[in-house]
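Examining the three-dimensional arrangement
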Amino acid sequence: MIEANELEQAVAALRAGGVIAYPTEAVWGLGCDPDDEQALARLLRLKARDPAKGVILVAANIEQFAPWLEGLPVALHAPLSASWPGPATWLVPDNGRARGLVRGDHDRVALRVSDHPLVVALCEAFGGPVVSTSANRAGEPPAMSAEQVRATFGDELDAVLDGPLGGLARPSTIRDLVTGRVLRS
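Rules behind the numbers
Residues numbered from 1 in each chain as written. Predicted model: local features only at pLDDT ≥ 70, side-chain atom pairs only at ≥ 80, totals over all residues. Heavy atoms only, no water. Helix = DSSP H or I, 4+ residues; strand = E, 2+ residues; numbered from the N terminus. Rg over C-alpha atoms; globule rule 2.2 N^0.38 Å. Buried < 20%, exposed > 50% of the residue type's maximum accessible area, 1.4 Å probe, protein only. Contact = heavy atoms within 4.5 Å. Lys, Arg positive; Asp, Glu negative; His and termini not counted. Charge placed at Lys NZ, Arg CZ, Asp CG, Glu CD. UniProt positions renumbered as here; feature names shortened; annotations may be inferred. Phe/Tyr/Trp six-rings, centres within 6.5 Å; stacked < 30°, edge-to-face > 60°. Pairing = 2+ DSSP bridges. Salt bridge = Lys/Arg side-chain N within 4 Å of Asp/Glu carboxyl O. Core = buried A, V, L, I, M, F, W, Y, C linked by side-chain atoms within 4.5 Å.

1. Focus: the overall build of the protein chain
Across its full length, the protein chain carries seven helices and nine strands. Taking 185 residues into account, the globule formula puts the C-alpha radius of gyration at 16 Å, and the protein chain, at 15 Å, falls close to it. Judged by the C-alpha coordinates and their principal axes, the protein chain covers about 45 × 35 × 30 Å. Counting across all 185 residues of the protein chain, residues that qualify as buried make up 48%. Taking contacts inside the protein chain between residues at least 6 apart in sequence as the whole, the part at least 24 apart equals 69%. Charged side chains of the protein chain number 17 positive and 23 negative; the gap between the two group centres comes to 7 Å.

Rendered as structure tokens:
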């Protein structure tokens, strides 16, 4: 059950340029507004993550990704529609919409439509996609609970949206939309 005030606090934090933590399908994630360069840079600093790697964006539905999918050949929409919502992250050719820190050193942007009720509620309340990257410092295992998130990041986060993980044993599959190549299974 999502606490309305926690959801409101998380959305307010996102809109104010904050970094939040929330449960995803398999691990806890860190998120921010994907259009806020300062929030993106802060999130990467908190994780000690190499900016060249980029981050995943997660949404409540495929319509929230419309700006990122604009210009994508119609034939490439079928795999997205067939696998979403669910634990499938697709590397989609960047049409110029993704910020540099979202994309990293790549010409693709990583997108996933979640079926986790809390992630869906967060993205719906925020009104669009949010960054979704594992809640951990680089090289450390991802947090599996709100307690682990708090132990790792203390008061460095602007909100923690508490709730259960989605029950998957592993993070989402990552696949290149154009080549079909699996980068993470």
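2. Digging into the environment of Leu 72
Assignment of secondary structure puts Leu 72 in the loop between α3 (66-69) and α4 (77-83). Sequence separation between Leu 72 and Asn 95 is 23 residues, and the spatial gap between their C-alpha atoms is 8.0 Å. Dropping the residues within four chain positions of it, Leu 72 is found in contact with His 77, Leu 80, Val 92, Pro 93 and Leu 177.

3. Let's talk about the UniProt feature "domain: YrdC-like" (unreviewed entry) in the protein chain
Under the UniProt annotation, the feature "domain: YrdC-like" (unreviewed entry) is placed at residues 4-185. Secondary structure over residues 4-185 splits into 31% helix and 21% strand, and the C-alpha atoms at its two ends are 34 Å apart.

4. Focus on unusual backbone geometry
Note that the residue after Trp 84, namely Pro 85, is joined by a cis bond; omega there is -5°. Residue position: Pro 85 is located in the loop between α4 and β4 (88-93). In the Ramachandran plot, Ala 48 falls in the positive-phi region, its phi being about 60° despite a non-glycine side chain. Counting through the fold element by element, Ala 48 comes out in the loop between α2 (37-47) and β3 (56-59). Classification of Ala 48 by relative accessible area gives exposed; the value is 53%.

5. A look at the packing of aromatic side chains
How two aromatic rings sit relative to each other is set out by the distance from centre to centre and by the angle between their planes. Taken as a whole and assessed by the stated rule, the structure comprises two aromatic pairs. Taking the centre distance of 5.8 Å and the plane angle of 40° together, the rings of Phe 65 and Trp 84 count as tilted. With a gap of 19 residues between them, Phe 65 in the loop between β3 and α3 and Trp 84 in the loop between α4 and β4 connect regions that are remote in the sequence. In this pair, the class of Phe 65 matches that of Trp 84, namely buried. Taken together, Phe 65, Trp 68 and Trp 84 form an aromatic cluster joined through their ring pairs.

6. Some thoughts on the sheet that holds strand β8 (residues 173-176)
A sheet is described by the order of its strands in space; here nine strands give the open sequence β7-β1-β2-β6-β3-β5-β4-β8-β9, paired in mixed fashion. The sheet is open, and its two borders are formed by β7 (159-160) and β9 (182-184), each paired with just one other strand. Relative to strand β5 (residues 108-113), β3 runs parallel, the two being bridged by four bridges. Across the sheet, Leu 57 pairs through a bridge with Leu 111, a residue of β5.

7. Re the environment of Arg 99
Residue placement: Arg 99 occurs in the loop between β4 and α5 (100-103). Separated by 84 residues in sequence, Arg 99 and Leu 183 place their C-alpha atoms 21 Å apart. In this view, Arg 99 contacts Pro 34, Asp 35, Glu 37 and Leu 40; residues no more than four positions away in its chain are not counted.

8. Some points on the pattern of salt bridges
Overall, the coordinates contain nine salt bridges when judged by the stated rule. Among the ionic pairs, Asp 35 bridges to Arg 97, the shortest N-O distance being 2.7 Å. You can see Asp 35 sitting in the loop between β2 (28-31) and α2 and its partner Arg 97 sitting in the loop between β4 and α5, a full 62 residues away along the chain. You can call Arg 97 partly exposed: its relative accessible area is 26%. Several salt bridges share partner residues, and in doing so they unite Asp 35, Glu 37, Arg 97 and Arg 99 into one network.

9. Overview of the nonpolar core
Counting 37 residues, the largest nonpolar core has Phe 65, Val 92, Leu 111, Val 149 and Leu 157 as its most contacted members. Looking at this core element by element, the count peaks at five residues for α2. Counting 19 residues, the second-largest nonpolar core is a separate cluster that includes Leu 7, Val 11, Leu 118 and Leu 122.

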